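Summary of structural features
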Amino acid sequence: MNFFTDTFEELSDWKRLNSALQSGEVPVCITGLSLIHKAQFALTAAKNSGMPVLLLTGSEAEAVKLCADINAMSGETIALHYPAKEMLFTSAESKSFEYEHERLHVLSAVSQNQIRIVAAGIEAALQPVIPPEMLMQSHISLKSGESVDLQSLSEKLIHSGYVRCETVEGKGQFAVRGSIVDIFPVQMVQPVRMEFWGDEIDSISYFDTDTQRRTHSLTEVTISPASELLYDPEALKEKIQALSSKIRGKYKEKIQANLTHDIDRINAGLQLINADKYYSLIYQKAYYLTDYLSGLVILSEYPDIHRHAQALSAQRREDLQMLYEQGILFRNLEDGIQEFSDFQSCLNSRNCIYVSQFLQGSERIAFRKIISMETMQNATWGGEIRQLLEDLQEYTSHGYRVVLAVGSEKTLPILVNDLQESGIRCSIAQEDDLCPPGAVLVTAKSISGGFSYPENKTALIVQTKMHSSRKRRHKHKAGMEIQSLSDLHTGDLVVHAMHGVGRFLGIHKLEMEGIAKDYITIQYAGTEKLY
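What this report covers is the structure whose coordinates are included nearby. Residue indices begin from 1 for each chain and proceed along its sequence in written order. In keeping with the predicted nature of the model, local features appear solely for residues at pLDDT of at least 70, side-chain atom pairs appear and are counted solely at 80 or more, and the whole-chain, interface and lining totals rest on all residues. The side-chain figures draw on all heavy atoms in the structure; neither hydrogens nor water molecules are used.

1. What about the packing of aromatic side chains?
- Pairing of aromatic rings covers Phe, Tyr and Trp, the last counted by its six-membered ring, and requires centre-to-centre distances within 6.5 Å; plane angles under 30 degrees mean stacked, over 60 mean edge-to-face, and any other angle means tilted. Applying the stated rule across the entire model yields 13 aromatic pairs.
- Consider the rings of F8 and Y453, whose centres lie 5.9 Å apart with planes at 85°: the pair is edge-to-face. Of the two residues, F8 is situated in helix 1 (residues 3-8) and Y453 in strand 20 (residues 450-453); the sequence distance between them amounts to 445 residues. The same class applies to F8 as to Y453, namely buried.
- Summarising the aromatic geometry, the rings of W14 and F41 are spaced 5.8 Å apart at their centres and angled 75° between planes, so their arrangement reads as edge-to-face. In this pair, W14 sits in helix 2 (residues 12-22) while F41 sits in helix 3 (residues 35-47), placing the two residues 27 residues apart along the sequence.
- Taken together, F3, F4, F8, W14, F41, F451 and Y453 form an aromatic cluster joined through their ring pairs.
- The criterion for a charge sitting over a ring is simple: Lys NZ or Arg CZ within 6 Å of the ring centre, and within 35 degrees of the ring normal. Positioned over the ring face of F207 is R193, at 4.3 Å from the centre of the ring. Elements are defined by DSSP. Helices are runs of H or I of four residues or more, strands are runs of E of two residues or more, and each kind is numbered from the N terminus. Here the term buried applies to any residue with accessible area under 20% of the maximum for its type, exposed to any over 50%, and partly exposed to those in between, with areas from a 1.4 Å probe on protein chains only.

2. Overview of the sheet that holds strand 8 (residues 180-183)
- For two strands to be treated as a pair, DSSP must find at least two bridges joining them. Taking strand neighbours across the sheet as the criterion, the 6 strands line up as 6-7-8-9-10-11 in an open arrangement whose pairing is mixed. A strand with exactly one partner marks an edge of an open sheet, and here the two such strands are strand 6 (163-164) and strand 11 (214-218).
- As paired elements, strand 7 (residues 173-177) and strand 8 share 4 bridges and run antiparallel to each other. Bridged to A175 within strand 8 is D182.

3. Here's the deal with the side chain of N71
- Mapped onto the secondary structure, N71 falls in helix 4 (residues 60-74).
- With a relative accessible area of 18%, N71 lands in the buried category.
- From its side chain, N71 meets the backbone nitrogen of A79 in a polar contact 2.9 Å long. Definition of a polar contact: a pair of N or O atoms within 3.5 Å, with one able to donate and the other able to accept a hydrogen when the atoms are protein atoms, and with sequence-neighbouring residues admitted only if both atoms are side-chain atoms.

4. Re empty space enclosed by the protein
- Put simply, the grid is 1 Å and covers the protein atoms alone, a cavity is a trapped set of points that fit a 1.4 Å probe, a pocket is an open set with protein on both sides within 12 Å along at least five of seven lines, and lining residues have an atom within 4 Å of a point. Grid points are joined across faces, edges and corners, and a volume is the space filled by probe spheres set on the points. Taken as a whole, this structure holds 3 cavities of 30 Å³ or more when the rule is applied.
- For the second largest cavity, the full set of lining residues is K85, M87, P128, E228, L229, D276 and Y279.
- Under the scheme applied here, ten amino acids are nonpolar (Ala, Val, Leu, Ile, Met, Phe, Trp, Tyr, Cys and Pro), four are charged (Asp, Glu, Lys and Arg), and all others, including Gly, are polar. Here the residues of the lining of the second largest cavity are counted per class, giving 4 nonpolar, no polar and 3 charged.

Structure representation (structure tokens):
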């Protein structure tokens, strides 16, 4: 049993959503969900989906937070963040491939059905990727006991984007020393070492890059490619030369000079750091993240996604103008980034769920069904035991099932003992534990926020992450975070981290299913209020 998915499936609005999906009433809009509710929703949706789910956000930061909460609730890594990468079109001696390696890790995990959710910002979703068929063809599988030609293996690794070096120190590198081959696959957290007896793989094991000592043994290993752009240097050179011969127009000399520079690098056996500009020459067709994920799509705060896409488009137009004038990009050699309108058209054939705190009216989507969920977001527990006891007594006296996430294994036994002595029915959560009504399960999960659902009487309370007391306090200035409610007066304008500018209406007591609590109230456009 998973408390977070099983209790969410009890909600009537979840059942309404399932009914809508089964009857083809899409797209669906669900309102009333804050960040923590969205994570729980996505986790539950992935459990009920036969294919991996795409969770799309406006910003990378939101995607990272959602991944962290989803994995904490699940108890295992079922969600991965798919980052945007730096697309380099100008000549350079080097660049970081960290994000590209992370992307390949995610795409490989999706292709091998190893994860259930991919969380991505809109920028990453619009960037071109390695074709799915090419990715699968480029995986190198090695097993202990099989015969492998070392020269052939080295050539395959280089073609897959791996860099040969003396000693392996990071992802995307490999080294050959006599009968020992070290490789750091981009989808792994540790490098692997293979020892050969002649042409036969005698052993495979993980090893530590600091001590260079072997750790755990393996029977086989699969190596994902280390680059999204896989090409034969000679074949690419011929395509660049053919393209150069057809150049016309006022930027002809600049364009040909740039192309010749890249041809010279290929002739010298050097890596093309700016290979992103040749995506359309390397692959006949552009592929995107949606070509790997054909299942359910969850869009978090669509107006925010749309704003980010517009900002990216404006910046892209400026960059392209400069690149055209410099002769770096030109007609027939574009950047490959997908237009947001084309991305939206792609979603029209998918089951899409738009989740948000409010229905803002700027979505411009013809929703087939709109569901307004009754959710509450709990304030975090700051560590003061008296306040925690009051909240738990209030919940348990009304038959709530409560999970308390304190984020530290060391404090669990002490905290549980203190709560039991105060009359709270609680225990340390174990795998597959059921939480009966009026009881509390205490766990070390690190989750960003708490929630409660009056409908099925479930609640999550989380502990605030403590900051060092030595940190120097800054004086309150305009635009800084509000440290105390005494700084606010009714009618003041405030900026919420997720929902933007609203007006502070004070603190109001709300009673839900017999439980009364104080909530900060912020008013937005019209009659929309955030508690």
